[in-house]
Amino acid sequence: MPRPALSAAAAVVLLALLPLGTGGSATGAEDERTTFTVGMSQDVDSLNPFTGIVSSAYEMYQLNYDTLTDYGQADFAAEPSLAESWEVSDDGLTWTYTIRSGVLWSDGEPLTARDVAYTFNRVMKGKYEQTNFGSYVGQIASVEATDDQTVVMRVKAPSPTMLHLFVYILPEHIWRDIDAKDVTDFTNEPGPDGIVGSGPFVVKEHKKGQFIRLERNENYWGEKPAIQNLVFRIFTNEDSLAQALRRGEIDFADDLGSNVFESLEGAEGVTQFPATYSGFDEIAFNVGAALDDGTPIGDGHPALKDQRVRVAISHAIDTEALVERVLGGHGTPGTSVIPPLYQDLHYDPGASAYAFDPAEAARLLDEAGYTEGPDGIRTMPAGGEDAGRKLSFRLLGRASSQTSQQSVQFVAGWLEDIGIEVKPKIVSEDALTEIIGEGTFDMFEWGWVVEPDPDYQLSTFTCANRSYKDGGSVFANLSDSFFCDEEYDALYAQQKEQIDPAERAGTVKEMQRILYEQAPYVVTFYYDNLEAYRSDRFTGFTPQPEPDGSLLFQYGTHSYRSIRPVTAEDRADGKEGTKAADDDATSSGLLTTAAVVGGGLLAGGLVLVALRRRRPEHDVE
Amino acid sequence: MSVDQERDAPVLSARQVTRARRRASAGRSWRAFRSQRTGLAGLAVLGVFVLLAVFAPLLFSPDELKVTEALGGVLDPPSARFPLGTDESGRSVLALVVWGTRVSLVVGVAATVISMVIGTLVGIASGHFGGMAGGALERLTDWFLVIPFLPLAIALATVLGSSLLNVIVVIGVTSWPGTARLVRAQTLSVEARPYLERARVLGGGHWHQMTRHVLPNVMPLVLANTTLTVAIAILSETTLSFLGLGDPFRVSWGSMLDNAFASGAISSGAWWYLLPPGLCVVAIVLAFTLVGRALENVLDPRARER
């Protein structure tokens, strides 16, 4: 809990000392060592890949570690990474991966097939290790290194996901010392040599709430990136993030808010890039918190166990208004949990979508027996277990996200309109993770970034991925709605074995249909990733997927490996320098604001000082 | 003290005498206050804010605060329809500012009451009881006085969670030591006066001495100090809300500034969202300070001797 407060205070301090800059890139791209500085608003929650869940943490993992295969840059097709080739037996049950030879860890130790086997076996046999990676290995029966270059995996049944195993390969010589118990609170913070990995960069330094600094991995097996230093600076305020980009303290700004993004229009040397993204935000319900064995936990409101209530709420939320007002139009209204970016897999409810209709929502609630009490708040139906209990829901939003807080405010307003009381509360993401795991919530606002392979996202709704108990304490698993449905689980198992993409897509869509109908989530919107970068300094960004996907925070490290400083030749092409005229208007507006605000405060301050000086010396203290 | 000696005057009971004396003294104070133009100006500004707070629901319906009912665009500049423009959700900034007055005043006054009660209790007790108990209370005051206010308030607000009540409590329990100091000094001077010695000799207990003799004598000081503390409490509320430690769903000037800051109003050049709450804070703090100063001049005999 102390984090948001302290970081907010830090933001104020930062603002007070504006010309600060830790990035060092401000001195220009022609430094001896090329430094590329990314500004982002979310700190890494943990550098331990078994623990972290936020997207910025995953960005560090994939920069620092490799996976067997990668998602291609243009279209997410599987391509070689640590495994340079693979073969599958005719019965589809045995997969043989050939690991690149001569690969070294960043500390100089050789990386062999044994490290791969170690990592997979650790995940498969672990409990805590299953949380983040369990969905990738469920179908695997055994993993074995037959020699230094060969890994053989046997699967229980033919599987479509064997080229999308997003398990970060860890160095056995480091991780074997961290046993199953230690791993739960292992932070994996970098030592003097950084975090040992095989990815293109090595995390060298992490100052919580301030920055993460990576250096190019000189032992990297692939083509070495042009960037030598890669810094992620954390901003607690978007205005300061945008200002840092304008001033050139950072080279790239990720995940901007729509107002700030639009204010960068015409800024000199800055290119805006509203990327189509694979993320969505949702309002999630506690549909009956329980452990994976079915033991109820938490204190969720009983009304939310009723699908009819959740559907009624779906009708009461105006997703189009959210896109317009909260995202400034940079997104699309949400429906199912696989975003339309993955058009082959996305389920579109079409005519059966829950249209925004408060009257219909009220009718559904009336019909289900949740009638309004004398104070205008609906109560549980008579005759039930909790008869007469008010429909009063706790709704949690995230302190670090303005989008989240705004969404919460809107949803609270709409629910009040249909006679449901809402108690909104804003908490830090860390606190929210804990609250969700324990099931002590009714509703919350958060989001997911969805992988090209749908398996992981779909696994977050299986019975087995509800929280679990280990040695007396409850641990959160992937499920945050505690949704549990037999039919859904059966389909989940089925899609895991469907090799034919079209057939599998059918199953995946059917699963989304069930989710849409059962409504453990109201998917509010698919947001665009609003990015902006210093195009006068760096070029070579590669969107994933082509042509307008994300430039950074992709599946894989494509852009980081292709970004390069702008050369004189690029400048001669004359792409830059045409946008300066418009910038003056914006910045003069800014200056006026700053001057007026500053002037007002100064005047107030002067009056206070004057008063203070007039004060008789002996009157107080 | 026999009535016979004042034959011309009507016969009055002791209570009536006291009341008449108080009325006369209040009249004197008011005349003294009226002679200070800055104090009157402060009082006028304060009056406007109080009226705004009281009649806010008549000026703007509470629906105008609901984001779901908002009709304006995102960060629209001032127009005939929205004289102070709109916020990031399309609500009228003018309506928010007017409603924000309520929270600022409520927090300011309520926190001050807490702070005054604690400060007066501790101050009188530490002045009255010498020795260990008094010393301990004085050390406690000193201790609270040296803790930097903002970090303590932030830590407390974080632990207690964000709600209006908690903000009041946090400000209340962190801003009392100044008052306690002041009250203690006055208590010591009152205690040295002969009539207290007389009360003691006649067998007046601690409670009697403190409530009947010391308290009435320190009250004017406390009152003057109160008006000054309100100003500080309002500023603190704004600060805490701006840092995101207030109740994010209740409109106050601090939370408006917080939202403006978080939603990119600065980059967007939306001065109409930042200035009004900021200027209101300045105005109300100034008004309270002016009134407080004037009151102090009237009520504090030492300040008047100048």
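All of these numbers come straight from a predicted model, not from anything done at the bench.

Peer 1: Mind showing me how you'd approach the overall build of chain B here?
Peer 2: What chain B contains, in helices and strands, is twelve helices and zero strands. For chain B, the C-alpha atoms occupy an extent of roughly 80 × 50 × 35 Å along the three principal directions. Buried positions account for 48% of the 306 residues belonging to chain B. The contacts of chain B with a sequence gap of at least 6 include a subset with a gap of at least 24, amounting to 71%.

Peer 1: What's the story with the overall build of chain A in this structure? I'm lost.
Peer 2: Scanning chain A from terminus to terminus reveals 18 helices and 23 strands. Residues counted as buried form 51% of the 621 residues belonging to chain A. For chain A, the share of sequence-separated contacts (at least 6 apart) that also reach a separation of at least 24 residues comes to 68%.

Peer 1: I keep staring at the domain arrangement of chain A and nothing clicks. Help me out?
Peer 2: Accessible area lost when the parts come together is the quantity often used to give the size of an interface. Residue and element names in this part refer to chain A. Entries for chain A in the domain assignment read domain 1 (37-64 + 199-277 + 529-589), domain 2 (69-175) and domain 3 (279-527). With centres defined by C-alpha atoms, the gap from domain 1 to domain 3 works out at 32 Å. On the side of domain 3, 14 residues touch domain 1, which itself brings 15 residues to the contact. Per element, the largest residue contribution to the side of domain 1 that touches domain 3 is three residues, and it comes from helix α7 (residues 258-263).

Peer 1: Just to check I follow, could you spell out the sheet that holds strand β9 (residues 211-216) of chain A for this structure?
Peer 2: Residues and elements named next belong to chain A. The strand order β8-β9-β10-β1-β11-β21-β12 describes an open sheet built from seven strands, whose pairing is mixed. The open sheet has two edge strands, β8 (201-207) and β12 (270-275), and neither has a second partner. Sheet analysis places strand β1 (residues 35-40) next to strand β11 (residues 252-253), joined by two bridges and oriented parallel. Bridge pairing in β11 links V38 to F252.

Peer 1: I would appreciate a short explanation of the sheet that holds strand β5 (residues 94-99) of chain A in the present structure.
Peer 2: Note: strands within a sheet are paired through backbone hydrogen bonds, in either parallel or antiparallel orientation. All names here are of chain A. Across the sheet, which stays open at both edges, the four strands sit in the order β4-β5-β7-β6 with antiparallel pairing between neighbours. Here the strands that pair on one side only, and so sit at the sheet edges, are β4 (83-88) and β6 (140-147). Here the average twist between neighbouring strands, direction ignored, is 20 degrees. The sheet contact formed by β6 and strand β7 (residues 150-155) spans six bridges and is antiparallel. In the strand pairing of β7, V143 is matched with M153. Relative to β6, helix α3 (residues 113-125) is tilted by about 160 degrees, and along the sheet it contacts β5, β6 and β7.

Peer 1: What is the right way to look at the packing of helix α2 (residues 37-59) of chain B against helix α11 (residues 271-299) of chain B in this model?
Peer 2: Think of two packed helices as two axes; the pair is described by the angle between the axes and how far apart they sit. Residues and elements named next belong to chain B. The N-to-C vectors of α2 and α11 enclose an angle of 135 degrees; their axes lie 8 Å apart at closest approach. When the axis of α2 is compared with that of α11, the two are oblique. Seen from above, α2 lies across α11 with left-handed handedness. Facing T38, G39, A41, G42, L43, V45, L46 and F49 of α2, the residues of α11 in contact are A283, I284, A287, F288, L290, V291, R293 and A294. Residues belonging to the contact of α2 with α11 are distributed by class as follows: twelve nonpolar, three polar and one charged.

Peer 1: Would you mind showing me how to read helix α8 (residues 194-201) of chain B here?
Peer 2: Residue pairs spaced three or four apart in an α-helix point in one direction, given the helix's 3.6 residues per turn. Within α8(B), only zero of the eight residues are buried, leaving the element largely exposed. Immediately beyond the C-terminal end of α8(B), within one or two residues, lies G203(B), with a positive phi of roughly 95 degrees.

Peer 1: Even after reading the chapter, I still don't get the pairing of strand β15 (residues 392-398) of chain A, so can you show me in this structure?
Peer 2: Regular strands place side chains that alternate from one sheet face to the opposite one. All names here are of chain A. Most of β15 sits inside the fold, with five of its seven residues counted as buried. Inspection of the sheet shows β15 paired to strand β16 (residues 421-427) by seven bridges, in the parallel sense. Bridging from a neighbouring strand, R394 pairs with K423 of β16. For the handedness criterion, the β-α-β arrangement of β15, helix α11 (residues 402-417) and β16 is classed as right-handed. Bridge count for β15 against strand β17 (residues 443-449) is two bridges, and the pairing is parallel. Across the sheet, residue L396 finds its bridge partner in β17, namely F444.

Peer 1: Even after reading the chapter, I still don't get the packing of helix α9 (residues 206-242) of chain B against α11(B), so can you show me in this structure?
Peer 2: Residues and elements named next belong to chain B. Running from N to C, α9 and α11 cross one another at 165 degrees; their axes reach a closest spacing of 8 Å. Put simply, α9 runs roughly antiparallel to α11. For the pair α9 and α11, the sense of crossing is left-handed. Contact with α9, carried on its side by P220, L221, L223, A224, T227, L228, V230, A231, I234, L235 and T238, involves V281, I284, V285, F288, T289, V291, G292, L295, E296 and L299 of α11 and no other residues of that element. Along the lines of polarity and charge, the residues of the contact of α9 with α11 split into 16 nonpolar, four polar and one charged.

Peer 1: How should the pairing of β4(A) be read in this particular structure?
Peer 2: All names here are of chain A. Sheet topology places β4 next to β5; five bridges connect them, and they run antiparallel. Opposite V88, over in β5, you have W95 as the bridge partner. Counting the residues between successive antiparallel strands, the hairpin from β4 to β5 contains five residues, one of them, G92, with a positive phi of roughly 75 degrees.

Peer 1: Please clarify how helix α6 (residues 238-247) of chain A should be interpreted in this entry.
Peer 2: All names here are of chain A. Of all ten residues in α6, nine are buried, a share of seventy percent or more. Within α6 the residues assigned to the buried category are E238, D239, S240, L241, A242, Q243, A244, L245 and R246. One or two positions beyond α6, positive phi appears at G248, with a value near 85 degrees.

Peer 1: For this particular structure, what's the right way to read the confidence of the model for chain B?
Peer 2: For residues with low pLDDT, the predicted coordinates do not support detailed interpretation. For chain B, mean pLDDT is 86; residues scoring 70 or higher make up 94% of the total. Here the predicted complex carries an ipTM of 0.77, next to a pTM of 0.80.

Peer 1: I would appreciate a short explanation of the nonpolar core in the present structure.
Peer 2: Generally speaking, nonpolar side chains in soluble globular proteins are found buried as a group. The biggest cluster of nonpolar side chains holds 155 residues, and the ones touching the most others in it are V116(A), V151(A), L395(A), V411(A), L415(A), F444(A) and A532(A). Those residues in contact with L415(A) that lie beyond four places of it in its chain are I313(A), A316(A), I420(A) and V422(A).

Peer 1: Got a minute to help me understand unusual backbone geometry in this structure?
Peer 2: Residue and element names in this part refer to chain A. Here the amide bond leading from Q544 into P545 is cis, since omega sits at -5 degrees, within 30 degrees of zero. Backbone torsion omega between E546 and P547 reads 0 degrees, so that peptide bond is classified as cis. With a phi angle near 70 degrees, F76 is a residue other than glycine that sits in the positive phi range. Tracing the backbone shows F76 in the loop between β2 (69-71) and β3 (78-80). For F553, which is not glycine, the phi torsion reads 55 degrees and is therefore positive. Look at F553 and you get buried, because 23 C-beta atoms sit within 10 Å.

Peer 1: Looking at this structure, I do not really get the confidence of the model for chain A. What am I missing?
Peer 2: Summary statistics for chain A give a mean pLDDT of 86 and a share of 87% for residues scoring 70 or more. Here residues 576-589 of chain A is a poorly scored stretch, pLDDT under 50, and it has 15 contacts once near neighbours within four places are set aside; other chains count.

Peer 1: Is there a simple way to think about the environment of V282(B) in this case?
Peer 2: Among the secondary structure elements, V282(B) is positioned in helix α11. Separated by 227 residues in the primary sequence, V282(B) and F55(B) have C-alpha atoms spaced 21 Å apart.

Peer 1: Sorry if this is basic, but what is going on with the environment of R293(B) here?
Peer 2: Assignment of secondary structure puts R293(B) in helix α11. Taking the C-alpha atoms as reference points, R293(B) and L228(B), separated by 65 residues in sequence, lie 7.6 Å from one another.

Peer 1: In this structure, what is going on with the environment of K469(A)? I would like to understand it.
Peer 2: Residue and element names in this part refer to chain A. Tracing the backbone shows K469 in strand β18 (residues 468-470). On the basis of neighbour counts, which here come to 13 C-beta atoms within 10 Å, the residue K469 falls in the partly exposed class. C-alpha separation for the pair K469 and L111, spaced 358 residues apart in sequence, amounts to 35 Å.

Rules behind the numbers
Residue positions are counted from 1 within each chain, in the order its sequence is given. For this description, chains carry letters from A and ligands carry numbers from 1, given in the order in which they are written. In keeping with the model being predicted, local features are shown solely for residues with a pLDDT of at least 70 and side-chain atom pairs are shown and tallied solely at 80 or more, while totals for entire chains, interfaces and linings include all residues. Strands here are runs of E lasting at least two residues and helices are runs of H or I lasting at least four, both read from the DSSP assignment and numbered beginning at the N terminus. Three exposure classes are used, all based on how many other C-beta atoms lie within 10 Å of a residue's own C-beta (placed from the backbone): buried at 20 or more, exposed at 12 or fewer, and partly exposed between those limits. Throughout, a residue-residue contact means that the two C-beta atoms, derived from backbone geometry, are no farther apart than 7 Å. An automatic or database domain assignment supplies the residue ranges for each domain. In short, DSSP must find at least two bridges between two strands for them to pair. Note on geometry: axes are lines fitted to C-alpha atoms, helical ones only across the stretch in contact, with angles between N-to-C directions running from 0 to 180 degrees. With respect to orientation, any angle under 35 degrees is reported as roughly parallel, any angle over 145 as roughly antiparallel, any angle of 65 to 115 as roughly perpendicular, and every other angle as oblique. Note: crossing handedness is left-handed where the near helix turns anticlockwise from the far helix by less than a right angle, and right-handed where it turns clockwise. Each residue receives one of three labels: charged for Asp, Glu, Lys and Arg, nonpolar for Ala, Val, Leu, Ile, Met, Phe, Trp, Tyr, Cys and Pro, and polar for the others, Gly being one of them. The crossover handedness rule: strands pointing away from the viewer, path from first strand over the helix to second strand clockwise, crossover right-handed. Confidence scores per residue from the predictor, reported as pLDDT, run from 0 to 100. Joining buried Ala, Val, Leu, Ile, Met, Phe, Trp, Tyr and Cys residues through C-beta atoms within 7 Å gives a set, and that set is a nonpolar core.

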